[in-house]
Amino acid sequence: MRQGSQVCRVSRTRSNWLFTRGIADAIAVGRKIVGHFKHSALAYSCHEDIQGQLNQPIKRLQQDVQTRWNSTYYMLQSLIEEKRVLGVYVSEHELPDHLTTHQWALMEKTVAILVPFEELTKKVSSYDAQASDVIPAVSALVRLLNRETDEDHGVKTMKATLLAAVKKRFSDVETNPLYFISTILDPRYKDRFFSNNPAPEAKLHLKQELQMMSRAEAEGSRAEAAEPPAKRFLKAQASTSSCLDTVFEEIAKEQPQAAQPLAAGAAIELDTYLGGAPSPCEDSPLKYWGVNKIRFPTLAKIAHKYLSAPCSSVESERLFSSVSHIIDETETG
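So, here is what we can say about the structure in this document. (Residues numbered from 1 in each chain as written. Predicted model: local features only at pLDDT ≥ 70, side-chain atom pairs only at ≥ 80, totals over all residues. Heavy atoms only, no water.)

**So, the packing of helix α2 (residues 21–38) against helix α6 (residues 101–125)**
Then, in step 1: Where α2 contacts α6, the two axes come as close as 9 Å, and the packing angle between them is 100°. Classified by the interaxial angle, the pair formed by α2 and α6 is roughly perpendicular. On the side of α2, the interface is formed by Gly22, Ile23, Asp25, Ala26 and Val29, while α6 contributes Gln103, Leu106, Met107 and Thr110.
Then, in step 2: Looking at side-chain class alone, the contact of α2 with α6 contains 5 nonpolar, 3 polar and 1 charged residues. (Axes fitted to C-alpha atoms, helices over the stretch in contact; angles between N-to-C directions. Helix = DSSP H or I, 4+ residues; strand = E, 2+ residues; numbered from the N terminus. Parallel < 35°, antiparallel > 145°, perpendicular 65-115°, else oblique. Contact = heavy atoms within 4.5 Å. Nonpolar A, V, L, I, M, F, W, Y, C, P; charged D, E, K, R; others polar.)

Written out as structure tokens, the structure is:
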């Protein structure tokens, strides 16, 4: 699951290259402020007192690790949340450094840009993430980063750097059969999330697989039919509204590129299936195929084959980590 892991791997990337000089300076100041409270019990106690006076929840400022961008994201987020508290604190106590109005604005813009990356990192790392989630995730990120807004002043270079990195890391994802077939067969996405050129080629590849399966069944081969389906997913995680959700819905509603004519037979299933509107993002694709396996029998078999592939190895790593807390290394039986 190399491509799916690429999204997760963003969280293991050094953050230094990501930020421009102005943003890096603001982060350096924020790091000093967080360090002040982290190394002074008295300062932290005063910080808690002010939180109580302002009826705000008691929270610690988050210290970042410079080799992980998402830890810097969490630090900036915690500083922004505590902006009012810090304003009261600095009126009564000394801080090692101060954030200017411009630096506060840069931090807020930086957090806004990084929110989709954090959301997608969590999404593809979840227990129910599938290989079909990769191409739509990349498409949504590229669209968000390509959008120009009035709030881009000071962060344009950062957005351009992120956009170039995303395109480079996922340059071959739409030519990998595992990802493009699973995406097409995911009723939430179908062929709506491809860039301009790969969609017809992907559908042609899937058509060929449909025809091969049809021939195999006609000749009495049941190898594909006997392949066990993917296990049912656990209860879907509750979805929350975000800018990413809006982009997913926006892309899903757009008209797909006109498909090349397909031959009769099993391939007609593909035309009928793609002609329908995508399912809501919160729906389970495996449940969809469980309900529609009579309507699209051949497609359903291929769907269970491809949609059983996880998006990344994160869940497997979590499982092994959990087992390590249960089974002692010295146990032999």
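**Looking at the nonpolar core**
Then, in step 1: Residues Leu79 and Trp289 are the most contacted members of the largest nonpolar core, which totals 81 residues.
Then, in step 2: The contacts of tryptophan 289, once residues within four sequence positions are left out, are Leu185, Pro187, Tyr273, Phe296, Leu299, Ala300, Ala303, His304 and Leu307. (Core = buried A, V, L, I, M, F, W, Y, C linked by side-chain atoms within 4.5 Å. Buried < 20%, exposed > 50% of the residue type's maximum accessible area, 1.4 Å probe, protein only.)

**Looking at the pattern of salt bridges**
Then, in step 1: Per the stated rule, a full pass over the model turns up 10 salt bridges.
Then, in step 2: Lysine 32 is paired through a salt bridge with aspartate 97; the nearest N and O atoms lie 3.6 Å apart. Remark: aspartate 97 occurs in the loop between α5 (83–92) and α6 and lysine 32 occurs in helix α2; sequence separation between them is 65 residues.
Then, in step 3: Note that glutamate 81 is salt-bridged to lysine 59, the shortest N-O span being 3.5 Å. Here lysine 59 lies in the loop between α3 (41–53) and α4 (69–81) and glutamate 81 lies in helix α4, a separation of 22 residues in the sequence.
Then, in step 4: Overall, the relative accessible area of 38% leaves lysine 59 in the partly exposed class.
Then, in step 5: Residues participating in the shared-partner salt-bridge network are Asp133, Asp186 and Arg188. (Salt bridge = Lys/Arg side-chain N within 4 Å of Asp/Glu carboxyl O.)

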